[in-house]
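Architecture and fold: a report
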Amino acid sequence: MSTDGLRLKACRYVMVAMALVPASVACAQDALDQQADHLIRTEMAAQKIPGVSVAVIRDGQVVLVKGYGLANVEHAVAVKPGTVFQSGSVGKQFTAMAVMLLVDEGKIDLDERIGTYLGDVPGSWKDMTVRQLLTHTSGMADYTSDFNLWQDYSEDELLDKAKKVPTAFAPGEKWQYSNLGYLTLGAIVRRVSGKFYGDFLQERVFDPLGMTTARVISEADIIPDRAMGYRLENGELKNQHWVAPQFNTTADGALYLTALDMIKWEQALSGGKLLAEESYAQMWSPVRLNSGKTHPYGFGWMLGEVNAHREIEHGGAWQGFKAQIVRYPEDRLAVVVFANLAQADPAGIARGVAAIYEPGLVPGPIEDAEPGFTALVREQMLKIADGNPDLDLFAPELQKLISGPGDRFGAFLESMGGIRNVELFSRSGIPEGVAYRYRFAFAQEAAYVDVVRLKDGKI
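Below is a short write-up of the structure. (Residues numbered from 1 in each chain as written. Predicted model: local features only at pLDDT ≥ 70, side-chain atom pairs only at ≥ 80, totals over all residues. Heavy atoms only, no water.)

**Here's the deal with the packing of aromatic side chains**
How we decide: Any two of the Phe, Tyr and Trp rings considered here, Trp counted by its six-membered ring, make a pair once their centres fall within 6.5 Å; the pair's planes then place it as stacked at under 30 degrees, edge-to-face at over 60, or tilted in between. Strands are runs of DSSP state E lasting at least 2 residues, helices are runs of H or I lasting at least 4, and numbering of each runs from the N terminus. In this scheme, a residue with accessible area under 20% of its type's maximum is buried, one over 50% is exposed, and one in between is partly exposed, where area comes from a 1.4 Å probe on protein chains only. Geometrically, a lysine NZ or arginine CZ counts as sitting over a ring once it is within 6 Å of the ring centre and also within 35 degrees of the ring normal.
On inspection of all chains with the given rule, the structure shows 16 aromatic pairs. Ring geometry for tyrosine 153 against phenylalanine 247: centres 5.9 Å apart, planes inclined by 85 degrees, an arrangement best described as edge-to-face. Of this pair, tyrosine 153 sits in the loop between helix 5 (130-134) and helix 6 (155-163) while phenylalanine 247 sits in the loop between strand 7 (236-239) and strand 8 (255-257), placing them 94 residues apart in sequence. The same class applies to tyrosine 153 as to phenylalanine 247, namely buried. Through pairs of rings, three or more aromatic residues link up here, namely Phe373, Tyr436, Tyr438, Phe440 and Phe442. Between lysine 92 and the ring centre of tyrosine 182, over which it is positioned, the NZ or CZ distance is 5.7 Å. The residue whose ring lies beneath lysine 161 is phenylalanine 147, and the NZ or CZ to ring-centre distance is 5.5 Å.

Next up, the structure:
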């Protein structure tokens, strides 16, 4: 019998021999913790992740908080619950919180044009609103090659460069993730509050909530328990790439956080602290486009569901770090995962752990009645990664995104490695055609991919 089996047998013995409800509850919890522990260690080994920090919060209480592996490989420093990781875009939810605190005070209007707060803006920015920046629907694009990651720009210089980047579409027309939009929100927070957004967060969020190690990134400061970020290059572990210090202070995701900080954050969110109830409702509502359609993104949060369980989540990736928070409000459950590897899949780990503590979250593939279409999708994913998709199969707006020098999706797919497996997880009719959700298992990690086949057959 395995060690786990012996431990479970001992738990059953306590329940039968002593008939104590607290003992049975403790043993049941112990068994769940063991399952989570096994999943985390298994995924770390499979993904070659040096270190991981995990927190599970249920009903506002800490269920599990633990560090695994190494925070610093060169010095063999173990990960602890208080190990400091980089946030990546998980930091966007904190920028959104800063904006919403000013909204609650009447200092920012979500539907006001951003020029009201920034002053002179390009013509292409004149109709953008604060709400559209928060929801990635402003039309603002992303960093271009004109941004030198090794040059130390000031915030004003970064904003000036952002103003010169051509917009991707008219405000409110569609959804497209934009780091520049959140960089701009940081500038708005400074103009309205008179404080750097990081100082504003420290004063209004981190200190009041007791998030004692949360802060904006700094390479210069001495920061106890700071983890190192890593990447895999031809299967070999390498140190993270470096960038100029200013790029580690922008409001699109440049924070230091620990699992202990995120426990306090989750307790504040689930307890309705800091903001008015209506503000939280807006933060976690899908954005409505000009067409009347909605997109499953709020203010710094991605929105969805798993087996009819509402899910509010966001991930982050930066400088050899990955981060993920998944929240299931109706289940009163949240999981936070930090990892110090660029190729890590913290979202998969977080959802896997959540499903252990709430079995209703276990997703499963469905029968694929259209294997030919699935094979086509797989083939085109490979071709996009290689830079030669069959463009005539795709709708015009998607053709622009998967071809040419600005093809970020193709670069992302190429970084994931080969496709090991494809499974269909949902299929549903929508006004535009048919929507599919696939789970692609790549060589490096797994990802869910949403595909729509329009009525004219285009993807």
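**Side note on the pairing of strand 16 (residues 433-442)**
Inclusion rule: A pair of strands is labelled paired if DSSP reports no fewer than 2 bridges between them.
Taken across its 10 residues, strand 16 has eight buried, putting it largely inside the fold. The pairing of strand 15 (residues 419-430) with strand 16 spans 10 bridges and is antiparallel. Opposite leucine 424, over in strand 16, you have tyrosine 438 as the bridge partner. Of the pairings in the sheet, the one linking strand 16 to strand 17 (residues 446-454) comprises nine bridges and is antiparallel in character. Across the sheet, residue arginine 437 finds its bridge partner in strand 17, namely aspartate 450.

**Thoughts on the pairing of strand 1 (residues 51-58)**
Across the eight residues that make up strand 1, a large majority, seven, are buried. Relative to strand 2 (residues 61-72), strand 1 runs antiparallel, the two being bridged by eight bridges. Counterpart to isoleucine 57 in the pairing with strand 2 is valine 62. What sits between the antiparallel neighbours strand 1 and strand 2 is a turn of two residues, in which aspartate 59 has the positive phi angle 55 degrees. For strand 1 and strand 14 (residues 333-339), the ladder comprises seven bridges, and the chain directions are antiparallel. By the bridge assignment, alanine 55 is partnered in strand 14 with valine 336.

**Considering helix 8 (residues 197-209)**
One full turn of an α-helix is made of 3.6 residues, so residues set three or four places apart face in the same direction. Applied cut-off: A helix's residues, less one, multiplied by 1.5 Å, set its expected span. Values of bend correspond, residue by residue, to the angle between axes fitted over the seven residues ending at that residue and the seven starting there. Here a residue-residue contact requires only that any non-hydrogen atoms of the pair lie within 4.5 Å.
Its 13 residues place the ends of helix 8 17 Å apart at the C-alpha level, agreeing with the 18 Å of an ideal helix rising 1.5 Å per residue. The axis of helix 8 is deflected most strongly, by about 35 degrees, at glutamate 203. Along helix 8, the residues classified as buried are Tyr197, Gly198, Phe200, Leu201, Val205, Phe206 and Leu209. Buried residues along helix 8 sit in contact with helix 3 (92-104), helix 7 (179-193), strand 5 (215-216), strand 8 and helix 9 (259-270). Where helix 8 terminates, the next one or two residues include glycine 210, which has phi positive at roughly 75 degrees.

**A short note on the packing of helix 3 against helix 9**
Defined as follows: Fitted lines through C-alpha atoms give the axes, limited to the stretch in contact for helices. The angle between two N-to-C directions lies from 0 to 180 degrees. Just so you know how the angles are binned, under 35 degrees is roughly parallel, over 145 roughly antiparallel, 65 to 115 roughly perpendicular, and the rest oblique. For any pair of crossing helices, the crossing counts as left-handed if the nearer helix is rotated counterclockwise from the farther one by less than a right angle, and right-handed if it is rotated clockwise. Three residue categories are used. Nonpolar comprises Ala, Val, Leu, Ile, Met, Phe, Trp, Tyr, Cys and Pro, charged comprises Asp, Glu, Lys and Arg, and polar comprises the others, including Gly.
Taken N-terminus to C-terminus, the directions of helix 3 and helix 9 make an angle of 45 degrees; their axes are 13 Å apart at the nearest point. Classed by the angle they form, the pair helix 3 and helix 9 counts as oblique. Once helix 3 is placed against helix 9, the crossing between them reads as left-handed. In this structure, helix 3 uses Gln93, Phe94 and Met97 to contact helix 9, whose residues at the interface are Met262, Trp265 and Leu269. Each residue belonging to the contact of helix 3 with helix 9 can be placed in one class, and the counts come to five nonpolar, one polar and no charged.

**Digging into the side chain of glutamate 311**
Tracing the sequence through the fold places glutamate 311 in strand 12 (residues 309-318). We classify glutamate 311 as buried; its relative accessible area is 5%. When near neighbours in sequence (up to four residues on either side) are disregarded, glutamate 311 contacts Met302, Leu303, Gly304, Glu305, Val306, Val326, Arg327, Tyr328 and Arg351.

**Brief notes about the side chain of arginine 327**
The line we're drawing: Distance and chemistry together define a polar contact, namely a pair of N or O atoms within 3.5 Å, with one atom able to donate a hydrogen and the other to accept it when in protein, and with adjacent residues in sequence counting only for side-chain atoms on both sides.
Among the secondary structure elements, arginine 327 is positioned in strand 13 (residues 321-328). Accessibility expressed as a relative area gives 4% for arginine 327, which makes it buried. Engagement of the side chain of arginine 327 in a polar contact is seen with the side chain of glutamate 266, the distance being 2.5 Å. Residues within four places of arginine 327 in sequence aside, it is in contact with Glu266, Leu269, Ser270, Trp284, Trp301, Arg310, Glu311, Ile312, Leu333 and Ala334.

**So, the sheet that holds strand 4 (residues 85-86)**
Spatial ordering of the open sheet is given by 4-8-5, a layout of three strands whose pairing is antiparallel. A single partner strand is all that each edge strand has here, and the edge strands are strand 4 and strand 5. In terms of strand pairing, strand 4 meets strand 8 through two bridges, oriented antiparallel. Residue glutamine 86 lies in a different strand from strand 8, and its bridge partner there is tyrosine 256.

**Brief notes about unusual backbone geometry**
In the Ramachandran plot, aspartate 59 falls in the positive-phi region, its phi being about 55 degrees despite a non-glycine side chain. One can find aspartate 59 in the loop between strand 1 and strand 2. A positive phi angle, near 55 degrees, is found at alanine 76, a position not held by glycine. When you line up the elements, alanine 76 lands in the loop between strand 2 and strand 3 (77-78).

**Quick look at helix 12 (residues 371-386)**
Our working definition: In this context, the arc is that of the directions from the helix axis out to the C-beta atoms.
With 16 residues, helix 12 should reach 22 Å at 1.5 Å per residue; the first-to-last C-alpha distance of 23 Å fits that figure. Every buried residue of helix 12 is accounted for by Phe373, Thr374, Val377, Gln380, Met381, Ile384 and Ala385. End-on view of helix 12: buried residues confined to an arc of 140 degrees, all on one side of the axis. Those residues of helix 12 that are exposed and aimed more than 90 degrees away from the buried face are Pro371, Gly372 and Asp386. Two residues or fewer after helix 12 comes glycine 387, characterised by a positive phi angle close to 85 degrees.

**What about the pattern of salt bridges?**
The criterion, for reference: By definition, a salt bridge exists where a carboxyl oxygen of Asp or Glu is found within 4 Å of a side-chain nitrogen of Lys or Arg.
Per the stated rule, a full pass over the model turns up 23 salt bridges. Residues arginine 215 and aspartate 221 are paired through a salt bridge, measuring 2.7 Å at the closest nitrogen-oxygen approach. Taking the relative accessible area as the measure of exposure, arginine 215 reaches 25% and is therefore partly exposed. A salt bridge links glutamate 313 to arginine 351, with the nearest nitrogen and oxygen atoms 3.4 Å apart. Remark: arginine 351 occurs in helix 11 (residues 346-357) and glutamate 313 occurs in strand 12; sequence separation between them is 38 residues. When its relative accessible area of 23% is taken as the criterion, arginine 351 is described as partly exposed. Several salt bridges share partner residues, and in doing so they unite Asp37, Arg41 and Lys66 into one network.

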